[in-house]
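Observations on the three-dimensional arrangement
Each chain, letter by letter, is given below.
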Amino acid sequence: MEPIDLPNLRGYSKQELFALFREFLEEYYKQKEKDLYEVSLIERIIRVEEELKNLRKEMEYLRKEMEYRFEALLREMNTRFETQKREGDARFEALEKRFNFLQWTMMLGFTILSILITVFSFLFRS
């Protein structure tokens, strides 16, 4: 586009002036569009970087939350395991006491029975 002197504008018709003005505006908007596109790209990059920063923070928060929950789960599992172990030990001790009682009862019964058989064999032998 060639520069136009203002005093020479009077020699142009209205249509020519509109055509020149339209040409000037098109050129101007093309240039501004490029500038705006570059600015919008920079703004987009800034937004993407901010979003990545926020995502990193969120991921760190989630990682810490998962670690906390995992540790809590392990503590709960250990507590359950210890409780079950104590209950199992208590049952085993109770069974052991019962077996000891049955063992002594059977031993005492066989001893008494042996003594009775011996006594009766001496009494009824004669």
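So, here's what we can say about the structure. (Residues numbered from 1 in each chain as written. Predicted model: local features only at pLDDT ≥ 70, side-chain atom pairs only at ≥ 80, totals over all residues. Heavy atoms only, no water.)

Quick look at a nonpolar patch on the surface
Note the cut-off: Nonpolar side chains (Val, Leu, Ile, Met, Phe, Trp, Tyr) within 5 Å and like charges within 9 Å form the patches, drawn only from residues with over 30% relative accessible area and no salt bridge. To be clear on the numbers: accessible area is Shrake-Rupley with a 1.4 Å probe, and residue cover counts the displayed protein chains and nothing else. Salt bridges are defined by distance alone: a side-chain nitrogen of Lys or Arg within 4 Å of a carboxyl oxygen of Asp or Glu. Elements are defined by DSSP. Helices are runs of H or I of four residues or more, strands are runs of E of two residues or more, and each kind is numbered from the N terminus. When accessible area is computed with a 1.4 Å probe and restricted to protein chains, residues below 20% of their type maximum are described as buried, those above 50% as exposed, and intermediate ones as partly exposed.
Taken together, the side chains of L108, I112, I115, L116, V119, F120, L123 and F124 make up a nonpolar region of the molecular surface, amounting to roughly 820 Å² of accessible area. Assignment of secondary structure puts F124 in the segment after α1 (14-123). Of the residues examined, F124 reaches a relative accessible area of 66% and is grouped as exposed.

Here we look at the environment of K85
When you line up the elements, K85 lands in helix α1. You can call K85 partly exposed: its relative accessible area is 48%. C-alpha separation for the pair K85 and A19, spaced 66 residues apart in sequence, amounts to 95 Å.

Re the packing of aromatic side chains
Worth spelling out the cut-off: The rule is short: rings of Phe, Tyr and Trp, with Trp giving its six-membered ring, pair when the centres are within 6.5 Å, and they are stacked under 30 degrees, edge-to-face over 60, tilted in between.
Enumeration according to the criterion identifies 3 aromatic pairs in this entry. Each ring, one from F24 and one from Y28, has its centre 6.3 Å from the other, and the planes form 20 degrees; the classification is stacked. Taken as a pair, F24 and Y28 lie in helix α1 at a separation of 4 residues, close to a single helical turn. With centroids separated by 5.7 Å and ring planes inclined at 70 degrees, the aromatic side chains of Y28 and Y29 adopt a geometry described as edge-to-face. Y28 gets classed as partly exposed once you look at its relative accessible area, which sits at 40%. For Y29, a relative accessible area of 52% corresponds to the exposed category. Through pairs of rings, three or more aromatic residues link up here, namely F24, Y28 and Y29.

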